[in-house]
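Chain residues, written in single-letter form:
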Amino acid sequence: MGKTADLTTVQKMTIDTLKKEGKTQKVIAKEVGCSQSSVSKHINREAKGRKRCGRKECTSKRDKRALERIVKQNRFKNVGEIHKEWTVAGVSASRSTTYRRMQDMGFSCRIPRVKPLLNKRQRQKRLAWAQDKKDWTAAEWSKVMFSDESTFCISFGNQGPRVWRKTGEAQNRRCLKSSVKFPQSVMVWAAMSSTAVGPLCFLRSRVNAAVYQEVLEHFMLPAADQLYGGDDFIFQHDLAPAHSAKSTSTWFKDHGIPLLDWPANSPDLNPIENLWGIVKRKMRDARPNNAEELKATIKATWALITPEECNRLVDSMPRRIAAAIQAKGAATKY
């Protein structure tokens, strides 16, 4: 962005505000996301009281308010649909003008984040759970052993690096990203504490109560010895059918392992979910050709998880609890 005319209304207001706060042009440019010369030209133009030249806007403030209402009614419409609805309302403007006015209002087209769907009862239970745990300290959370399953695919969809290519090179073999119709995948179970991660368990079949109890016997118990030694700990898992089965509850009672009560549909409260994300981001450049290579890549990446990363994630639990309370039990940014 190299011209003052390219700045949106929101960017100009931000520049004016930061300038009043005494920020330097370099800092302002970094925060606004434009070039330093654009910031300088805007500040100088405002200081000299120069008016912007060019044709007067064809849309009024009323038209802009109507456009904003249309966008907010359904944020998943594309520009063409929004433009059509705006013109039906009596506004004479081109599609590009519609797009510019949306930018001026601060709207940007982004990939939506995915959050679990929570009904009213689940939100109430999440809120009650968070309020019950709000006074837990980081030291108390360090006694919790977090666990979860995750699926890894050979094809990571839209993840991975973009490609630099010239016109006409779209079909160049060196510019293509390989895909398969039915990509191989593996499901993994693991656990973590505030100090380290436990061993991985690659699941070969659908996880029912019997399979899950075998995982607990052969992987969770060794992980507990590795992570906690002889110290007491609390085990966490979600409310998946295999986890909440009566036989599974009996297994934990027989082994004398206390369970952390956990709200339904709440992956955002589990720090190991973020750990899976870290592993998958580190694997973006990997290109395994089959399931065995995929498993080897997962193992190698999992081994690179540091104690600092684990400690940072578990230390975030008080903040997750506070966010859940502030959201009144709704899904949070975590």
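Residues numbered from 1 in each chain as written. Predicted model: local features only at pLDDT ≥ 70, side-chain atom pairs only at ≥ 80, totals over all residues. Heavy atoms only, no water.

**Details of the overall build of the protein chain**
- On a plain count of helices and strands, the protein chain comes out with 15 helices and four strands.
- In the protein chain, which comprises 334 residues, the proportion classed as buried is 36%.
- Taking all contacts inside the protein chain whose residues are at least 6 apart in sequence as the whole, residues at least 24 apart take part in 73%. (Helix = DSSP H or I, 4+ residues; strand = E, 2+ residues; numbered from the N terminus. Buried < 20%, exposed > 50% of the residue type's maximum accessible area, 1.4 Å probe, protein only. Contact = heavy atoms within 4.5 Å.)

**Focus: the pattern of salt bridges**
- Scanning the entire structure with this criterion turns up 10 salt bridges.
- Lysine 23 is paired through a salt bridge with glutamate 21; the nearest N and O atoms lie 3.9 Å apart.
- A residue is classified by how much of its surface remains accessible, and lysine 23, at 30% relative accessible area, is partly exposed.
- Salt-bridge contacts for glutamate 292 lead to lysine 295; the nearest nitrogen and oxygen are separated by 3.9 Å. With a gap of three residues between them, glutamate 292 and lysine 295 both fall in helix 13 (residues 291-302), about one helical turn apart.
- When its relative accessible area of 55% is taken as the criterion, glutamate 292 is described as exposed.
- Linked through salt bridges whose partners overlap, the residues forming this network are Glu21, Lys23 and Glu31. (Salt bridge = Lys/Arg side-chain N within 4 Å of Asp/Glu carboxyl O.)

**Re a positive patch on the surface**
- Taken together, the side chains of Arg281, Arg284, Arg312, Arg319 and Lys333 make up a positively charged region of the molecular surface.
- Judged by relative accessible area, arginine 312 falls into the partly exposed class, the value being 45%. (Patch = residues over 30% accessible without salt bridge, like charges linked within 9 Å, V, L, I, M, F, W, Y side chains within 5 Å. Areas by Shrake-Rupley, 256 points an atom, 1.4 Å probe, with all protein chains shown as cover. Lys, Arg positive; Asp, Glu negative; His and termini not counted. Charge placed at Lys NZ, Arg CZ, Asp CG, Glu CD.)

**A few points about the sheet that holds strand 3 (residues 201-203)**
- Strand order in the open sheet formed by four strands is 3-2-1-4, and the pairing between neighbours is mixed. The open sheet is flanked by strand 3 and strand 4 (234-236), the only strands paired with a single partner. Looking at each pair of strands side by side, their axes are set apart by 25° on average, direction ignored.
- The strands touched by helix 12 (residues 271-282) within the sheet are strand 1 (144-153) and strand 2 (185-192), with strand 1 carrying the most contacts at an inclination of about 40°. (Pairing = 2+ DSSP bridges. Axes fitted to C-alpha atoms, helices over the stretch in contact; angles between N-to-C directions.)

**What to know about the nonpolar core**
- One finds Trp141, Phe152, Met192, Leu275 and Ile298 to be the most contacted residues of the largest nonpolar core, which totals 33 residues.
- Elements represented by at least two residues in this core include exactly helix 7 (120-133), strand 1, strand 2, helix 12, helix 13, helix 14 (307-315) and helix 15 (317-326).
- With five residues, the single largest contributor to this core is helix 12.
- The next biggest cluster of nonpolar side chains, apart from the first, holds 19 residues, and it includes Cys201, Leu203, Met220 and Phe233. (Core = buried A, V, L, I, M, F, W, Y, C linked by side-chain atoms within 4.5 Å.)

**As for the environment of valine 144**
- Positionally, valine 144 belongs in strand 1.
- Between the C-alpha atoms of valine 144 and methionine 192, which are 48 residues apart in sequence, the distance is 8.7 Å.

**Quick word on the packing of aromatic side chains**
- A full pass over the atoms with the stated rule returns nine aromatic pairs.
- Between the aromatic rings of tryptophan 136 and tryptophan 141, the centroid separation amounts to 4.7 Å while the plane-to-plane angle is 50°, which identifies the pairing as tilted.
- Judged by its relative accessible area of 21%, tryptophan 136 is partly exposed.
- Of the residues examined, tryptophan 141 reaches a relative accessible area of 0% and is grouped as buried.
- Ring geometry for tryptophan 141 versus phenylalanine 146: centroids 6.3 Å apart, planes at 25°, classification stacked. Judged on exposure class, the residue tryptophan 141 and its partner phenylalanine 146 are both buried.
- One aromatic cluster is present, built from ring pairs that chain together Trp129, Trp136, Trp141, Phe146 and Trp262.
- A cation over an aromatic ring shows up here: lysine 280 above the ring of phenylalanine 152, its NZ or CZ 4.9 Å from the ring centre. (Phe/Tyr/Trp six-rings, centres within 6.5 Å; stacked < 30°, edge-to-face > 60°. Lys NZ or Arg CZ within 6 Å of the ring centre and 35° of its normal.)

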